[in-house]
Amino acid sequence: MNTAAPATAALSTALSTTPLDTTAPLSSALDVEVLIAGAGPTGLVLAIDLARRGIRHRLVEQEERGFPGSRGTGVQPRSLEVLDDLGAVAALLASAGPIPPMQSWQGTERGRVWPLVEPGDPSPNVPYPDALMCPQWRTVEVLYERLEELGGRVDFSTGLTGFTQDEHGVTAELRHADGTLETVRAGYLVASDGGRSAVRKALGVPFEVQVVDQRHALIADVRMSGFEDAGVDREHWHMWTSAPGGLFGLRPLELTADTIQIMAFWSDTAYVPDPARDATPEALARLIAERTGLTGLVPEEVIWASSFQPKAGMAERFRTGRVLLAGDAAHIHSPAGGQGLNTSLQDAYNLGWKLGAVLRHGAPDALLDTYDAERTQVAADVLELSTRVHGQDRSVGFERGMSRRGRETHQLTLNYRRGPLARELRRDLPEDGLRAGDRAPDAPCTDASGAPFSLFDAFRGPHFTLLDLTGSEAVGGPAAAAVADVEWVRVYRVGGPAPDLVDAGGHAKAAYGTGLFLVRPDGYVGLATDEAADVRAYLAQVSARVPAPAKAPAIRD
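Residues numbered from 1 in each chain as written. Predicted model: local features only at pLDDT ≥ 70, side-chain atom pairs only at ≥ 80, totals over all residues. Heavy atoms only, no water.

## Some words on the overall build of the protein
Summing up its helical and strand segments, the protein has 14 helices and 28 strands in all. In the protein, 72% of the contacts between residues at least 6 apart in sequence involve partners at least 24 apart. When the accessible area of the protein is evaluated, it comes to approximately 21,600 Å², of which 51% is carbon and sulfur surface. (Helix = DSSP H or I, 4+ residues; strand = E, 2+ residues; numbered from the N terminus. Contact = heavy atoms within 4.5 Å. Areas by Shrake-Rupley, 256 points an atom, 1.4 Å probe, with all protein chains shown as cover.)

Below you can see the structure in the form of structure tokens.
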């Protein structure tokens, strides 16, 4: 995908110095409401979310269909929840596997075995407690398939070569494989065009990069034979942490019977591996022999290879006028901890509902500023985590095997408590209690017919969900009165005399406590309150369909 594509020299932008006109609707003359540049996982998730909201969009990708490599293989529990909501989790689960236990080696001798990631606790609140492994090429395929199910598509071999923006939209120039040019007018442009993002560079957005590790690395997906002869099984992730020349690993890839991912670091920091030179079958056979001493493993075909130096970086801002950055275009990470792809998916998930609110529900354009505010903070926190994990690997792991990843890598505890959309209005809360801005937990319930129905079943879809756990005896409850005229908010009374959902096990009550909880379309608690009037005030900020009450607080930039 575009993550490795060089910046297009011709890409340019003329930024308007006039504030955006947030009162006028987007012109019907627009070709699309949202143009997405880059059809990696980030662009695909955004396109899926926009498609289910009925937002006219176009997703362009300068490469031909199909990313061939494994690259971002770890899929964290929070990302599985996102894919559940988007209708893609079943296909992903059918393709993925557990993180294999690590098998250390000293030359041709096996050493200890240990788990790389701390397992999650099975819990009624967390339907997917453990991270899984799935080659990125398959994750991308799953997302393609889901987008096509929704009637969307990707325009492959179509590159963004230039754009200008004004207060009413973005004018973009596209180049097709045959060299023909096309001009497209869009309301917004989302750049998911990778770590070398040409759009970000054209905008002039500062992107400070830190080298996390002075060593360079090679990664390759290779069809091999001779596993049995070499004594290398497919149930472990094999690691030579003190191999001559540098760390060396072999990981059997999911969905295959004969393909292994090779990862090699060079202790000589001056050496920069070149896939064309170092990732031929012959070169890899020599590398395996030198680093492991094993005989019998025979590289047959190199499917994909890439070299990299671990770095961390983040754009100074994720929004410039009508252009927004997402995924690797906004932040890059060390691969340690498996955070990069997962953080990118959630950029798109955060942005999708906000674009939908602005384009379909009359929300002010300022709502898109909250994308920048929320995701820059999360990206900074995740960068710190992945860099810290990489440092632990160097100081501890590379002597005795890579360090064990804690549950913080699962991304279930990431939150928007400090963000501009979090409203916690309850009092006397326990220290460890749920707060506005937190991920909304799942809980098993039953519906009025007695059939199983979880809170995630209630959340699934492009809507807000209002959970009423007040136990009110009023007919319909205070929540229903607050949002009865809003079509994109679904109300569920949990417990009480006339419940929509029965919390027989008390799991919903234990997770949330008492009150009204407005859950955003991306699965975070936006508002927690005891007063129905607060619900109406909050919704007025994200939808023109609800009249704003007197002195409703404005969305903060």
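## Structural notes on the packing of helix H1 (residues 41-52) against helix H9 (residues 340-360)
It is at 8 Å that the axes of H1 and H9 come closest, and there the two elements cross at 25 degrees. On the basis of their axis angle, the class for H1 and H9 is roughly parallel. At the point where H1 passes H9, the crossing takes the right-handed sense. Residues Pro41, Thr42, Val45, Leu46, Asp49, Leu50 and Arg52 of H1 form the contact with H9, whose participating residues are Leu341, Ser344, Leu345, Ala348, Tyr349, Leu351, Gly352, Trp353 and Leu355. For the contact of H1 with H9, the class distribution of residues is 11 nonpolar, 3 polar and 2 charged. (Axes fitted to C-alpha atoms, helices over the stretch in contact; angles between N-to-C directions. Parallel < 35°, antiparallel > 145°, perpendicular 65-115°, else oblique. Left-handed = near helix turned anticlockwise from the far one by under 90°. Nonpolar A, V, L, I, M, F, W, Y, C, P; charged D, E, K, R; others polar.)

## Comments concerning the sheet that holds strand E4 (residues 97-98)
An order of E3-E7-E4 is seen for the 3 strands of this open sheet, with the pairing classed as antiparallel. The open sheet has two free edges, formed respectively by strand E3 (74-75) and E4, since each of these has just one partner strand. (Pairing = 2+ DSSP bridges.)

## Points about the sheet that holds strand E22 (residues 423-424)
In space, the 5 strands of this open sheet follow the order E22-E28-E27-E24-E25, with mixed pairing throughout. What marks the edges here is a single partner per strand, and that holds for E22 and strand E25 (489-493). Pairing of strand E24 (residues 464-468) with strand E27 (residues 516-519), which is carried by 4 bridges, proceeds in the antiparallel orientation. Bridge pairing in E27 links Leu466 to Leu518. Packed onto the sheet, helix H14 (residues 532-542) meets E22, E24, E25, E27 and strand E28 (525-529) and runs at close to 155 degrees relative to E28.

## Some points on the nonpolar core
Counting residues in each nonpolar core, the largest one holds 86 residues, and the members touching the most others are Phe163, Leu189, Val199 and Leu355. For this core, the leading source of residues is H9, giving 10 residues. (Core = buried A, V, L, I, M, F, W, Y, C linked by side-chain atoms within 4.5 Å. Buried < 20%, exposed > 50% of the residue type's maximum accessible area, 1.4 Å probe, protein only.)

## A short note on the side chain of Ser344
Here Ser344 shows up in helix H9. Filtering out sequence-adjacent residues up to four positions away, Ser344 remains in contact with Thr42, Gly327, Asp328 and His331.

## Re the confidence of the model for the protein
Mean pLDDT over the protein: 87, with 85% of residues reaching 70 or higher. Overall, residues 1-25 carries pLDDT values under 50, and its contacts beyond four positions in sequence, including any with other chains, amount to 67 contacts. This model gives residues 395-401 a pLDDT under 50, and the stretch forms 14 contacts once residues within four places in sequence are excluded. (pLDDT = per-residue confidence, 0-100.)

## What to know about the pairing of strand E9 (residues 158-166)
Extensive coverage of E9 is indicated by the burial of 7 of its 9 residues. Sheet analysis places E9 next to strand E10 (residues 169-176), joined by 8 bridges and oriented antiparallel. Residue pairing across strands places Gln165 opposite Val170, the latter belonging to E10. Counting the residues in the hairpin turn of E9 and E10 gives 2 residues.

## Here we look at the environment of Cys445
On the secondary structure map, Cys445 appears in the loop between E22 and strand E23 (446-447). Residue Cys445 is classed as buried on the basis of its relative accessible area of 6%. Those residues in contact with Cys445 that sit more than four places away from it in its chain are Ala451, Pro452, Phe453, Ser454, Leu455, Leu501, Val502, Asp503 and Ala508.

## Examining helix H4 (residues 136-149)
Between its terminal C-alpha atoms H4 stretches 20 Å, which fits the 20 Å expected from 14 residues at 1.5 Å a residue. Listed as buried for H4 are Gln136, Arg138, Thr139, Val140, Val142, Leu143, Tyr144 and Leu147. Along its buried surface, H4 packs onto H1, strand E2 (57-60), helix H2 (77-86), helix H3 (89-95), strand E8 (154-155) and H9. Backbone geometry just after H4 places Gly151 at a positive phi near 90 degrees. (Expected span 1.5 Å × (residues − 1).)

## Brief notes about the pattern of salt bridges
Under the defined criterion, the tally for this structure stands at 34 salt bridges. In this structure, Glu81 engages Arg439 in a salt bridge whose closest nitrogen and oxygen atoms are separated by 2.8 Å. Of the two residues, Glu81 is situated in helix H2 and Arg439 in the loop between E22 and E23; the sequence distance between them amounts to 358 residues. Of the two residues, Glu81 and Arg439, neither departs from the other in class, the shared state being buried. Ionic pairing is found between Asp438 and Arg417, a salt bridge with its closest N-O pair at 2.7 Å. (Salt bridge = Lys/Arg side-chain N within 4 Å of Asp/Glu carboxyl O.)

## Some details on the pairing of strand E11 (residues 181-191)
Judged from the 5 bridges that link them, strand E1 (residues 32-37) and E11 form a sheet pairing that is parallel. Bridge pairing in E11 places Ile36 opposite Val190. When E10 meets E11, the two strands line up antiparallel, connected through 6 bridges. Residue pairing for E11: Arg175 is matched across the bridge by Leu181. Where E10 folds back onto E11 in an antiparallel hairpin, the turn is made up of 4 residues, including Gly179, whose phi is positive at roughly 90 degrees. Sheet topology note: the E11/strand E20 (residues 323-325) ladder contains 3 bridges and is parallel. Each bridged residue has a counterpart across the sheet, and for Ala191 the counterpart in E20 is Leu325.

## Focus on the packing of aromatic side chains
By the definition in use, this model includes 13 aromatic pairs. Seen in terms of ring centroids, Phe456 and Phe459 are 5.9 Å apart; in terms of plane orientation they differ by 45 degrees. Their pairing is tilted. Taken together, the residues Phe456 and Phe459, both in helix H11 (residues 455-459) and 3 residues apart, mark about one turn of the helix. Here Phe456 falls in the buried class, since its relative accessible area comes to 10%. (Phe/Tyr/Trp six-rings, centres within 6.5 Å; stacked < 30°, edge-to-face > 60°.)

## Overview of H9
With 21 residues, H9 should reach 30 Å at 1.5 Å per residue; the first-to-last C-alpha distance of 30 Å fits that figure. Counting buried positions along H9 yields 20 of 21 residues, so the element is predominantly enclosed. Looking one or two residues past H9, Gly362 carries a phi angle of roughly 70 degrees, positive in sign.

## Re the side chain of His236
For His236, the location among the structural elements is in the loop between helix H6 (227-230) and strand E14 (237-240). Engagement of the side chain of His236 in a polar contact is seen with the side chain of Asp233, the distance being 2.9 Å. Residue contacts for His236: discarding those within four places in its chain leaves Pro100, Pro101, Gln103, Val113, Leu250 and Pro252. (Polar contact = N/O pair within 3.5 Å; in protein donor to acceptor, adjacent residues only side chain to side chain.)

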